[in-house]
Amino acid sequence: MTFADKLKNLMKDLDLTQSKLSDLTGIGKSSISQYLSGKNEPSKDRKQEIARALGVQETYFEMFEPAATVQHDGVVNLPVTLAAKLMKKSKEWVMQGLRDGVFPWGYAVKLTNWSYFISSVKFTEYTGIEVPLNEIA
């Protein structure tokens, strides 16, 4: 799998646009566009920067098979607002728990701004709360 393919898949799994990836990494939108098209490939250091910003192992893009899988079959990134609603907690409470690393079903990554990932499958496994997939946009 090429770097471009891995980056596209990871961005899709995290529901990131090119603009958001640019904000998270500080890399220009034109460079990201070239990476995604396969026209250019970043240096090893730049790949590690991108991996760190997206919350996966630094070697994620160097490995033949991904070392970190953000999404498995049927796993959906559950929005923080929906997780909070399902748990009858505030959005801020869920975000703080993700930032503190206390929830085994998700994580938070910060570069400039915080980004959150909640595994719908792990969320259901640990909380016992079914995720209504029709509410996930």
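Keep in mind the model is a prediction, meaning the values are calculated, not measured. (Residues numbered from 1 in each chain as written. Predicted model: local features only at pLDDT ≥ 70, side-chain atom pairs only at ≥ 80, totals over all residues. Heavy atoms only, no water.)

Colleague: What am I meant to see in helix α7 (residues 120-127) here?
Modeller: An α-helix turns once per 3.6 residues; consequently, residues spaced three or four apart project the same way. Those residues of α7 lying buried are S120, F123 and T124. The buried side chains of α7 occupy one side of the element, clustering within an arc of 95 degrees when seen end-on. Along α7, exposed side chains directed more than 90 degrees from the buried face belong to E125 and Y126. Residues of α7 that are buried make contact with α5 (80-87) and β2 (114-118). Count one or two residues on from α7 and you reach G128, which has phi positive near 80 degrees. (Buried < 20%, exposed > 50% of the residue type's maximum accessible area, 1.4 Å probe, protein only. Helix = DSSP H or I, 4+ residues; strand = E, 2+ residues; numbered from the N terminus. Arc of directions from axis to C-beta. Contact = heavy atoms within 4.5 Å.)

Colleague: Whenever I open this one, the nonpolar core confuses me. Can you help?
Modeller: The nonpolar side chains of soluble globular proteins are, as a tendency, buried together. L7, L10, I50, L54 and F61 are the most contacted members of the largest nonpolar core, which totals 19 residues. Among the elements of the structure, α1 (3-14), α2 (18-25), α3 (29-37) and α4 (44-54) are those that each provide at least two residues to this core. Sort the elements by how many residues they give to this core and α1 lands first, with five residues. Each residue touching L54, except ones within four places of it in the same chain, is listed here: L7, L10, L14, L16, L21, L24, Y107 and V109. Grouped together as the second largest cluster of nonpolar side chains are 16 residues, V80, L82, M87 and V94 included. (Core = buried A, V, L, I, M, F, W, Y, C linked by side-chain atoms within 4.5 Å.)

Colleague: Would you mind going over the packing of aromatic side chains with me for this structure?
Modeller: How two aromatic rings sit relative to each other is set out by the distance from centre to centre and by the angle between their planes. Per the stated rule, a full pass over the model turns up eight aromatic pairs. Through pairs of rings, three or more aromatic residues link up here, namely F3, Y35, Y60 and F61. A cation over an aromatic ring shows up here: K89 above the ring of W93, its NZ or CZ 5.0 Å from the ring centre. Here the guanidinium or amino end of R99 rests over the ring plane of W114, the centre of that ring lying 5.5 Å away. (Phe/Tyr/Trp six-rings, centres within 6.5 Å; stacked < 30°, edge-to-face > 60°. Lys NZ or Arg CZ within 6 Å of the ring centre and 35° of its normal.)

Colleague: Can you walk me through the pairing of strand β1 (residues 106-110) in this structure?
Modeller: The side chains of a regular strand alternate between the sheet's two faces. Of the strand pairs in this sheet, β1 and β2 are connected by five bridges, and their pairing is antiparallel. Pairing of V109 across the sheet is with S115, part of β2. In this structure, the hairpin formed by β1 and β2 is closed by a connection of three residues. (Pairing = 2+ DSSP bridges.)

Colleague: Any chance you could explain the pattern of salt bridges here in plain terms?
Modeller: Oppositely charged side chains may form a pair once their charged atoms are brought near each other. Summed over all chains, the structure comprises four salt bridges. For E58, the salt bridge goes to R52, with nearest N and O atoms at 2.9 Å. Classification of R52 as partly exposed rests on a relative accessible area of 43%. E125 is paired through a salt bridge with K122; the nearest N and O atoms lie 3.7 Å apart. You can see E125 and its partner K122 sitting in helix α7, three residues apart, about one turn around the helix. Exposure remark for K122: the relative accessible area of 35% places this residue in the partly exposed category. (Salt bridge = Lys/Arg side-chain N within 4 Å of Asp/Glu carboxyl O.)

Colleague: I tried to follow α1 on my own but got confused; where do I start?
Modeller: With 12 residues, α1 should cover 16 Å at 1.5 Å per step; its first-to-last C-alpha distance of 16 Å lies within 8% of that length. Tucked into the core, α1 has its buried residues touching α2, α3, α4, β1 and β2. (Expected span 1.5 Å × (residues − 1).)

Colleague: Looking at this structure, I do not really get the side chain of N77. What am I missing?
Modeller: Turning to its location among the elements, N77 is positioned in the loop between α4 and α5. Of note is the side chain of N77, whose polar atom sits 3.1 Å from the backbone nitrogen of I118. (Polar contact = N/O pair within 3.5 Å; in protein donor to acceptor, adjacent residues only side chain to side chain.)

Geometry only, nothing functional implied.
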